[in-house]
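Fold and contact review
Here's the letter readout for the chains.
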Amino acid sequence: MKYFYLVFSSLKRKKLRTLLTVLSIMVAFVLFGYLTAIRQAFDAGVEVAGADRLIVRHKVSIIQLLPESYEDKIERLEGVDNAAHSTWFGGIYQEPRNFFAQMPMEPEELFDMFPEYIISDEQKAAWLETRSGALVGRGLAERFDWKVGDRIPINATIWTKKGGGRTWEFDIVAIYDGVEKGTDTSQFFFRYDFFDETRAGGTGQVGWFSVRVNDPDRAAEVAAAIDAEFANSAFETKTEPEGAFIQGFANQIGNIGFIIMSIMSAVFFTILLVAGNTMAYAVRERTGELAVLKAIGFTDRGVLGLVLGESLALTLVGGAIGLGLAWMLVSMGDPTDGSFPVFYIPFSSIFLGFALIALMAFIAGILPALQAQRLQIADALRR
Amino acid sequence: MTKINTNSTLVTVTGVDKVFKRGSEEIHVLGGLDLEIPDGEFLALMGPSGSGKSTLLNLVGGLDRPSEGKVEIGGKRIDKLSDRKLAAWRARHVGLVFQFYNLMPVLTAQKNVELPLLLTKLSRAERKKRAAIALDIVGLSHRTGHYPRQMSGGEQQRTGIARAIVTDPTLLLCDEPTGDLDRKSGDEILDLLQALNQEQGKTIIMVTHDIHAAARATRTLYLNKGQLSTEAVD
Ligand SMILES: Nc1ncnc2c1ncn2[C@@H]1O[C@H](COP(=O)(O)OP(=O)(O)OP(=O)(O)O)[C@@H](O)[C@H]1O
Ligand SMILES: [Mg+2]
C-alpha cells in the first residue's frame with residue numbers, strides 16, 4: 001500500500017476538522033454498538049425461542065390464571081409432546097429496582113421443557129430434593145453475588161403466604177448456565193409444589209403453559225386445537241409460538257426495534273452530512289494539488305481512488321474506535337444494572353458495523369471523488 | 001549519463017490551434033502554430049501575458065489537447081492517446097516545474113520528490129534512493145525531512161525541480177520557474193536548469209517573462225497573436 005501515507009497525510013491537512021469529523025463518526029458508532037446491544041437484549045428471547053414451543057395463556061390477558069389441570073388435557077391432544085406450566089411471581093428482592101423474573105416451575109419438567117438450561121447432576125439432585133430450593137441463572141447469581149447455599153428473601157407483591165406473611169425465603173441449590181450466549185440466565189426458578197402449598201390464595205391455578213409439539217411445522221395446527229379444546233369453557237385460552245409471546249411481552253414497553261432504528265437512522269444521516277461536508281471541502285480546497293497529481297501522471301481513476309481512500313480512512317478510524325468503545329462500554333455492564341437477560345454486541349453486528357463504515361465512506365466520498373476524477377488539469381492549474 | 005546533442009527532432013507541433021469558449025464567443029489562442037524542438041535544446045518561450053505560452057506548454061506536456069493540429073513527441077502522436085495512456089505517458093516522459101512550486105504541503109521534501117515514483121514499479125527502497133539522489137542534484141540533501149512551509153521559495157522550487165527530474169523524463173517543462181523568486185534564488189534555479197541541460201542533455205522548454213532568464217537558454221522564441229517568431233514584436 002504505497003499510497004497509504006498519501007491518503008493519511010491528506011487527513012493531517014486540517015487537523016481540527018479531521019479530528020471533529022472522526023469524533024462525530026466515533027460517537028455514531030458508539031451509539032450503534034450500544035443500541036445494538038440493547039436491541040439484542042430485547043430480541044434475545046425471541047431469537048432463541050424454541051421453534052417447537054408454544055405458549056398457552058388466558059385468552060383475555062397474560063395476568064389471568066389458568067387451571068393446573070389443563071396440563072393433562074393439553075398433553076392428551078394430538079401433536080403435543082409435553083406441556084409444563086409457569087407462573088409469574090413478581091416479587092421484590094430488597095428493592096424494586098433489582099428487577100428479575102421469578103417463577104414457580106415443575107421441578108422435573110423444567111429440564112425436559114427447556115433443554116437450553118444446563119446444570120450439573122449434583123445440583124439437579126439437590127434441586128429435586130429441596131422443597132424451598134431455588135434454581136437461578138448464572139447471570140443473576142453474578143449480579144447479586146449469590147452462591148449455592150445462600151438463603152434469599154423475596155417480598156411478594158401478588159402472592160401472600162398462608163397466615164399473611166409476605167416474605168418468602170428460598171435456598172439457592174443450583175445455578176444454571178445457558179447453552180448459548182443469547183440464553184436468558186437472569187431468571188429465578190423455584191418449586192411449584194412449595195409455591196402451591198404455601199400461597200394463601202389461587203391454589204391449583206397457574207400462569208401459562210409451555211407446550212412442546214412433535215412437529216414444529218404443524219405448530220399452528222396444534223395451537224388451534226388447544227384453543228378449540230378450551231373454547232366456551234370458563235378459562236378460554238390463546239396459544240401462540242413462544243417467539244411471538246416474548247415479542248409481545250417486550251412490546252409492552254414499546255416497539256424497541258423501531259425506536260432504536262429511528263434513532264440510528266437520524267444519527268447516521270446527520271453524521272453522513274458531516275462526513276460528506278468534510279470530504280467536499282477536502283476536495284474543493286485542493287483542486288490545485290489534485291491537478292498536480294494528475295499532471296505528474298496519476299490517472300483520473302487513480303485520483304478518484306485516492307479521494308475515496310481518504311473518505312474510507314476518515315470513517316474507518318472514527319468507526320473502528322467507536323465500535324471498540326461500544327464494546328468496552330457494553331462489557332462494563334447493562335444500563336439497567338442487570339435486568340436485561342443478556343447484554344452483548346453480537347458478532348454479526350460488528351460485521352454490520354464495518355459494512356456501515358464502508359457504506360458511509362462511499363456515500364460521503366463518491367461525489368467529491370467523481371468531481372476530482374473529472375477535474376481538467378489545465379483548468380484547475382489556472383485557478 | 002551525458003547525452004550528446006544529436007539534433008534529432010524531439011518535439012514536433014504542427015498546425016496547432018486551441019479554442020476556448022467564453023460564453024458564446026470562441027477564442028483562438030494558437031492560430032495553426034508550428035514548432036520543432038531538437039533533442040537536447042533549452043528553449044525559452046517569451047511573449048506578452050495571455051499570448052498562450054502556458055497553453056502551448058500544456059499541449060506539449062500532454063496536460064491538454066489541441067482543438068486542431070498534431071503534437072508529436074519522440075515520433076509519437078500524444079494528442080491521440082486515451083486519457084489513461086496519456087497519463088501514463090506524462091508519468092514516463094514529462095517533468096513539470098511550476099511558478100508557484102505546487103508541492104504537497106503535507107509531505108516532506110523527500111516524499112514530495114518520491115511522488116512521481118509511486119506510479120512506477122520501483123521498490124520502496126529504490127524510490128527512497130532515487131528521491132535522495134534527485135534532492136542531492138538540486139543541492140537539498142540537508143532538507144529532505146523539511147515540509148514546504150519550512151523552506152524558502154528557492155528551496156521549494158529546487159524541490160519542485162527534483163520532483164520533475166526524479167523519473168528521468170524526456171522533457172522538462174517549466175512555466176515561469178523563477179517568476180516568484182528574487183534575483184539570487186532565481187539565478188540559482190537557472191544555474192540548475194542550465195546544468196541539467198548541458199550536463200545531462202535534458203531537453204527543456206521554459207516559459208519566462210525575464211530576458212535574463214531567457215539568456216540562459218540555447219534558443220528563444222516569442223509568442224504573439226498565436227504565432228511564434230524569433231524576434232520580439234511590440
Ligand atoms: N481554460 C480556459 N478557458 C478559457 N480561456 C482560457 C483557458 N485557458 C486559457 N485561456 C485563455 O487563453 C489565453 C492564453 O492563456 P495562457 O494562460 O496560455 O497565456 P500565457 O501566455 O501563459 O499568459 P501569462 O503570461 O499571463 O501566464 C488567455 O486569453 C486566456 O484567458
Ligand atoms: Mg502562463
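All values derive from a computational prediction rather than experimental measurement. (Residues numbered from 1 in each chain as written. Chains lettered and ligands numbered in written order. Predicted model: local features only at pLDDT ≥ 70, side-chain atom pairs only at ≥ 80, totals over all residues. Heavy atoms only, no water.)

A few points about the sheet that holds strand β9 (residues 171–175) of chain B
All names here are of chain B. An order of β8-β9-β10-β5-β11-β12 is seen for the six strands of this open sheet, with the pairing classed as mixed. Sheet topology places β8 (94–97) and β12 (227–229) at the edges, where each strand pairs with a single neighbour. In this sheet, neighbouring strand axes are inclined to one another by 20° on average, regardless of whether the strands run parallel or antiparallel. Judged from the four bridges that link them, strand β5 (residues 42–46) and strand β10 (residues 203–207) form a sheet pairing that is parallel. Residue pairing for β10: Phe42 is matched across the bridge by Ile204. Against the sheet, helix α1 (residues 53–60) touches β5, β9, β10 and β11 (219–224), its axis set at about 160° to β9. (Pairing = 2+ DSSP bridges. Helix = DSSP H or I, 4+ residues; strand = E, 2+ residues; numbered from the N terminus. Axes fitted to C-alpha atoms, helices over the stretch in contact; angles between N-to-C directions. Contact = heavy atoms within 4.5 Å.)

Describing the pairing of strand β4 (residues 102–105) of chain A
Residue and element names in this part refer to chain A. Judged by which residues are buried, β4 turns out to be covered on both faces: Gln102 and Pro104 on one side and Met103 and Met105 on the other are all buried. Across four bridges, β4 lies against strand β9 (residues 188–191) in parallel orientation. Considered in β9, the bridge of Gln102 is made with Phe188. (Buried < 20%, exposed > 50% of the residue type's maximum accessible area, 1.4 Å probe, protein only.)

Some thoughts on the environment of Ile259 of chain A
Residue and element names in this part refer to chain A. Counting through the fold element by element, Ile259 comes out in helix α10 (residues 256–284). Given a relative accessible area of 41%, Ile259 falls into the partly exposed group. Sequence separation between Ile259 and Arg39 is 220 residues, and the spatial gap between their C-alpha atoms is 9.6 Å.

A closer look at the environment of Ser233 of chain A
Residues and elements named next belong to chain A. Relative to the helices and strands, Ser233 is located in the loop between α8 (219–229) and β12 (237–241). Assessed through its relative accessible area of 30%, Ser233 is described here as partly exposed. Of note is the side chain of Ser233, whose polar atom sits 3.2 Å from the side chain of Tyr70. Here Phe230 takes part through its backbone oxygen, which lies 2.8 Å from a polar atom of the side chain of Ser233. (Polar contact = N/O pair within 3.5 Å; in protein donor to acceptor, adjacent residues only side chain to side chain.)

Observations regarding the interface of chain B and chain A
By convention, interface size is frequently given as the accessible area that disappears when the constituent parts associate. In this assembly, 25 residues from chain B lie in contact with 22 residues from chain A. Of the roughly 2,100 Å² buried where chain B meets chain A, counting both sides, 65% is carbon and sulfur surface. Where chain B meets chain A, there are zero salt bridges. For the pair chain B and chain A, the number of links is five residue pairs in polar contact (both at pLDDT 80 or more). Among the secondary structure elements, those contributing two or more residues to the side of chain B that touches chain A are α2 (83–93) and α3 (109–114) of chain B. Considering only residue class, the side of chain B that touches chain A consists of 14 nonpolar, three polar and eight charged. (Buried area = accessible area lost by both parts, 1.4 Å probe. Salt bridge = Lys/Arg side-chain N within 4 Å of Asp/Glu carboxyl O. Nonpolar A, V, L, I, M, F, W, Y, C, P; charged D, E, K, R; others polar.)

Observations concerning the site of ligand 1
Every one of the 15 residues lining ligand 1 counts as a neighbour, but Asp379 of chain A together with Ser49, Lys53, Ser54 and Thr55 of chain B are closest to it. More than a single chain frames ligand 1: its nearby residues are located in chains A and B. Within the backbone of Ser51 of chain B, a nitrogen or oxygen atom sits 3.2 Å from an oxygen atom of ligand 1. Between an oxygen atom of ligand 1 and a side-chain N or O atom of Lys53 of chain B, the distance comes to 2.7 Å. Notes on ligand 1: free accessible area 630 Å², of which the protein chains cover 77%. Secondary structure elements with two or more residues in the shell around ligand 1: α14 (377–382) of chain A together with β2 (19–22) and α1 of chain B. It is α1 of chain B that contributes the most residues to the shell around ligand 1, three residues altogether. Residue composition of the shell around ligand 1, by class: three nonpolar, seven polar and five charged. (Near = heavy atom within 4 Å. Areas by Shrake-Rupley, 256 points an atom, 1.4 Å probe, with all protein chains shown as cover.)

Points about the domain arrangement of chain A
All names here are of chain A. Domain annotation of chain A identifies domain 1 (4–44 + 255–382) and domain 2 (53–253). A separation of 46 Å is found between the C-alpha centroids of domain 1 and domain 2. Between domain 1 and domain 2 lies a buried interface of about 1,000 Å² when both sides are counted; carbon and sulfur atoms form 50% of it. For the pair domain 1 and domain 2, the interface holds zero residue pairs in polar contact (both at pLDDT 80 or more). Considered class by class, the residues forming the side of domain 1 that touches domain 2 number seven nonpolar, three polar and one charged. (Domains from an automatic or database assignment.)

What to know about the packing of helix α5 (residues 153–165) of chain B against helix α6 (residues 183–200) of chain B
Residues and elements named next belong to chain B. Here α5 crosses α6 at 20°, and the two axes come no closer than 9 Å. Between α5 and α6, the angle is such that the two are roughly parallel. With respect to the hand of their crossing, α5 and α6 are arranged in right-handed fashion. Each of Gly154, Gln157, Arg158, Ile161 and Ile165 in α5 lies in contact with α6, whose residues at this interface are Ser185, Glu188, Ile189, Leu192, Leu193 and Leu196. Of the residues assigned to the contact of α5 with α6, the class counts are six nonpolar, three polar and two charged. (Parallel < 35°, antiparallel > 145°, perpendicular 65-115°, else oblique. Left-handed = near helix turned anticlockwise from the far one by under 90°.)

Here we look at the nonpolar core
Judged by nonpolar contacts, the single largest core of 88 residues is most densely connected at Leu35, Val60 and Ile73 of chain B. Broken down by element, this core gets its largest block of residues, 10 residues, from helix α2 (residues 15–48) of chain A. Beyond its immediate chain neighbours, meaning those up to four positions away, Ile73 of chain B contacts Leu10, Val11, Val60, Ile78, Trp89 and Leu171 of chain B. Counting 40 residues, the second-largest nonpolar core is a separate cluster that includes Ala83, Ile152, Tyr192 and Phe230 of chain A. (Core = buried A, V, L, I, M, F, W, Y, C linked by side-chain atoms within 4.5 Å.)

Section: the packing of aromatic side chains
Residues and elements named next belong to chain A. Per the stated rule, a full pass over the model turns up 35 aromatic pairs over all chains. Centre to centre, the rings of Tyr93 and Phe144 are 5.0 Å apart; their planes meet at 70°, and the pair counts as edge-to-face. In this pair, Tyr93 is assigned in the loop between β3 (80–86) and β4 and Phe144 in helix α6 (residues 138–144), connecting sequence segments 51 residues apart. Grouping residues by exposure puts Tyr93 and Phe144 together as buried. Aromatic side chains Phe100 and Trp146 sit 5.8 Å apart centroid to centroid with 80° between the ring planes, which places their arrangement in the edge-to-face category. Taken together, the residues Phe100 in the loop between β3 and β4 and Trp146 in the loop between α6 and β7 (151–155) connect sequence positions 46 residues apart. It is Arg199 that lies over the ring of Trp159; its NZ or CZ is 5.0 Å from the centre. Positioned above the aromatic ring of Tyr281, the side-chain terminus of Arg284 is 5.4 Å from the ring centre. (Phe/Tyr/Trp six-rings, centres within 6.5 Å; stacked < 30°, edge-to-face > 60°. Lys NZ or Arg CZ within 6 Å of the ring centre and 35° of its normal.)

Some points on the pattern of salt bridges
All names here are of chain A. Counted under the stated rule, the structure contains 33 salt bridges over all chains. One salt bridge connects Lys294 with Asp300, and the closest N-O pair in it is separated by 3.1 Å. The buried category is assigned to Lys294, whose relative accessible area is 1%. What you see here is one network of salt bridges that share partners, running through Arg13, Arg286, Glu289 and Glu310.

Here's the deal with the confidence of the model for chain B
All names here are of chain B. Chain-level pLDDT for chain B is 93 on average; 96% of the residues reach the 70-or-more range. This stretch, residues 1–5, has a pLDDT under 50; its non-local contacts, to residues over four places away or in other chains, come to eight contacts. Interface confidence in the predicted complex, given as ipTM, is 0.93; pTM for the same model is 0.78. (pLDDT = per-residue confidence, 0-100.)

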